[in-house]
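Letter by letter, the chains look like this.
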Amino acid sequence: MEEKAIEVKDLKKYYKSIKAVDGVSFNVEKGDFFAFLGPNGAGKTTTIKMLTTLLNPTDGEARVNGKDVTKDAFGVRKSFGIVFQDQSLDNELTAYENMYFHGVLYRIERKLRKEKIEKMLKFVGLWDRKDSFVKTFSGGMKRRLEIARALIHTPQILFLDEPTLGLDPQTRNHIWNYVKELNKKEGMTVFFTTHAMEEAEKYANKIAIIDYGKIIAFGTVAEIKKKTRTKTIEEAFLKLTGHSIRKEEGSSKDRLRAQAKSWGRM
Amino acid sequence: MRGAYVLWRRQLIRYVRSRWRMIGTLGQPILFLVALGFGFGPIYAKAGGGDFIQFLAPGIIAMTVLFTAVFSGMETIWDRQIGFLKETLVAPVSRFEIMLGKTLGGATISIVQGAIVFLVTLVVGYRPESWIMLPLAFLFMFLIGMMFTAFGVAIACNMEDMQAFPIILNFMIMPLFFLSGALYPLEGLPKTLTIISSFNPLSYGVDGLRQTLTGISYFGFGLDFVVVVFVSLVFFILGSYMFSRVQV
């Protein structure tokens, strides 16, 4: 059997009484364009954090590129790139320096590094601002820089946690088309989350929907629509997860999570 | 080791760019040097101790190194808050290498700050016993810098934000400094204080610096060196271990 890009078996993350991720299992095939959808606080980011070795699972198993995320974290790290949901740039450095440090950390050889940095900064329209400090950037510019940074190297698997948040439609299309092209040409597996359902509908070939820490739907776009007897992924999503707003719960969960974490620490 | 290098370089860039912070962290040691040095100078001389500035200067340099190093290490908390820590943690670089880069970065900045304060002491009237020993003095600064950067990282790994910072400052860093013999001779102290001082690793750093710069030693150079190297290693290993377990 061919190795999967991502294999998740009964993965759990509990914080005291909160079950952020409660036994999810799914596979992502190599070359998939995989959308991981769910309301706020459903467990999307927590799952991504476990897959990218930032958080240890409470229980269960996860393999990325055939490597176990707890036993061979280093092996896992070599195989993916990521755009985080929240910021991860150094504001005190220039755009170019942020790119440069990333390039060195990912061991991209000098000449190629220079070329790629220039190419990606031009791609996101920040080349003329390359020597400006990131702290002078707007939210959208920072976002673009983070995406450019993640794409300096072509990872086997690319995680994108709400990558297009706060970007205008032009930039969004521009970026998605580029990622799609990498997916097609280089066979790069893409694992992304978004609240823009049309993005999932348009680009993903497979979708998983998570709610309250559990996977409640899984399949191709057509399969999910068929199963829920809906016309769009947005309708399917609302049908599966309900119309009530989760924001309150999401944030109180975050607060509890933070509390659970700070207990026993300083 | 490219990863360690690049993180080291990042710290230096940040240091050079934050001029205000640089000046801010130099204010305190210079104030101590001038106020205590000249304030207690006459009494010290009357008690037969000689020139207090000669005694105090190495202690103030050690203080500068201590504070700079701990703060550099604790910057990890800041990295966590701005999210940059995640970027380094998912990179295909071992935790050990990240820790090494951070520690060397902190130690390098500490030496630079120590050197600046050393120049200030010269202005105030301090004269080292022998200039030949100067490289050894810088070696001590480097080791103290490593020790306490690693210490700072170890603390930072257990903190979510800066809220506990005043506690760390007042209950760990300040006692380390005040009970190290940086400001007063360790000879003839009450027994309890002697015991506490001899368990304080900074005491050996201060003593080593004083030996190399002024030529006065309490523990002896050999013991100073061994303890400082040993504790630096222990803190480095401890910090590396804590850092390897960090989750964000």
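One can find the structure itself at the top, above this paragraph.
What counts and what doesn't
- Residues numbered from 1 in each chain as written.
- Chains lettered and ligands numbered in written order.
- Predicted model: local features only at pLDDT ≥ 70, side-chain atom pairs only at ≥ 80, totals over all residues.
- Contact = placed C-beta atoms within 7 Å.
- Helix = DSSP H or I, 4+ residues; strand = E, 2+ residues; numbered from the N terminus.
- Nonpolar A, V, L, I, M, F, W, Y, C, P; charged D, E, K, R; others polar.
- Pairing = 2+ DSSP bridges.
- Axes fitted to C-alpha atoms, helices over the stretch in contact; angles between N-to-C directions.
- Buried ≥ 20, exposed ≤ 12 C-beta atoms within 10 Å, placed from the backbone.

### Comments concerning the interface of chain A and chain B
Taken together, the 27 residues of chain A in the interface contact 25 residues of chain B. When residues of the side of chain A that touches chain B are traced back to their parent elements, those giving at least two are helix 2 (73–77), helix 3 (95–105) and helix 10 (247–262) of chain A. Of all the elements, helix 3 of chain A adds the most residues to the side of chain A that touches chain B, at 3 residues. Across the side of chain A that touches chain B, the residue classes break down as 12 nonpolar, 7 polar and 8 charged.

### Thoughts on the sheet that holds strand 8 (residues 189–193) of chain A
Residues and elements named next belong to chain A. Taking strand neighbours across the sheet as the criterion, the 6 strands line up as 6-7-8-3-9-10 in an open arrangement whose pairing is mixed. The outermost strands of the open sheet, each flanked by one partner alone, are strand 6 (80–83) and strand 10 (214–220). With strand direction ignored, the average angle separating the axes of adjacent strands in the sheet is 15°. Inspection of the sheet shows strand 3 (residues 33–37) paired to strand 8 by 3 bridges, in the parallel sense. By the bridge assignment, F33 is partnered in strand 8 with V190. Lying over the sheet, helix 9 (residues 233–241) contacts strand 3, strand 9 (206–211) and strand 10, oriented at roughly 30° with respect to strand 9.

### Some remarks on the sheet that holds strand 2 (residues 18–28) of chain A
All names here are of chain A. Here 4 strands make up an open sheet; going across it, the order is 2-1-4-5 and the pairing antiparallel. At either margin of the open sheet sits one strand with a lone partner, and together these are strand 2 and strand 5 (67–68). As judged from the 5 bridges shared by strand 1 (residues 6–15) and strand 4 (residues 59–64), these two strands associate in the antiparallel manner. When the sheet's bridge partners are listed, V8 is paired in strand 4 with A62. Here helix 1 (residues 44–51) sits on the sheet in contact with strand 1, strand 2 and strand 4, set at roughly 115° to strand 1.

### So, the pairing of strand 4 of chain A
All names here are of chain A. Pairing of strand 4 with strand 5 involves 2 bridges; the strand directions are antiparallel. Of the residues in strand 5, the one forming a bridge with R63 is D68. Counting the residues in the hairpin turn of strand 4 and strand 5 gives 2 residues, including N65, whose phi is positive at 55°.

### Topic: the pairing of strand 9 of chain A
Residue and element names in this part refer to chain A. Among the 6 residues of strand 9, 6 are classified as buried, and the element is accordingly described as predominantly covered. On strand 9, burial covers both faces: K206, A208 and I210 on one face and I207, I209 and D211 on the other are all buried. With 4 bridges connecting them, strand 3 and strand 9 associate as parallel partners. By the bridge assignment, F36 is partnered in strand 9 with A208. Note: strand 9 against strand 10, 6 bridges, orientation antiparallel. Bridging across to strand 10, K206 finds its partner in T220. Hairpin geometry of strand 9 and strand 10 is characterised by an intervening segment of 2 residues between the two adjacent antiparallel strands and by a positive phi of about 45° at Y212.

### Quick word on unusual backbone geometry
Residues and elements named next belong to chain A. A positive phi angle, close to 65°, is found at T53, a residue other than glycine. Structurally, the position occupied by T53 is in the loop between helix 1 and strand 4. Judged by the 22 C-beta atoms lying within 10 Å of it, T53 is buried. You will see that E162, though not glycine, has its phi angle at about 45°, which is positive. Within the secondary structure, E162 sits in the loop between strand 7 (157–161) and helix 6 (169–185). Owing to 19 C-beta atoms within 10 Å, E162 belongs among the partly exposed residues under this scheme.

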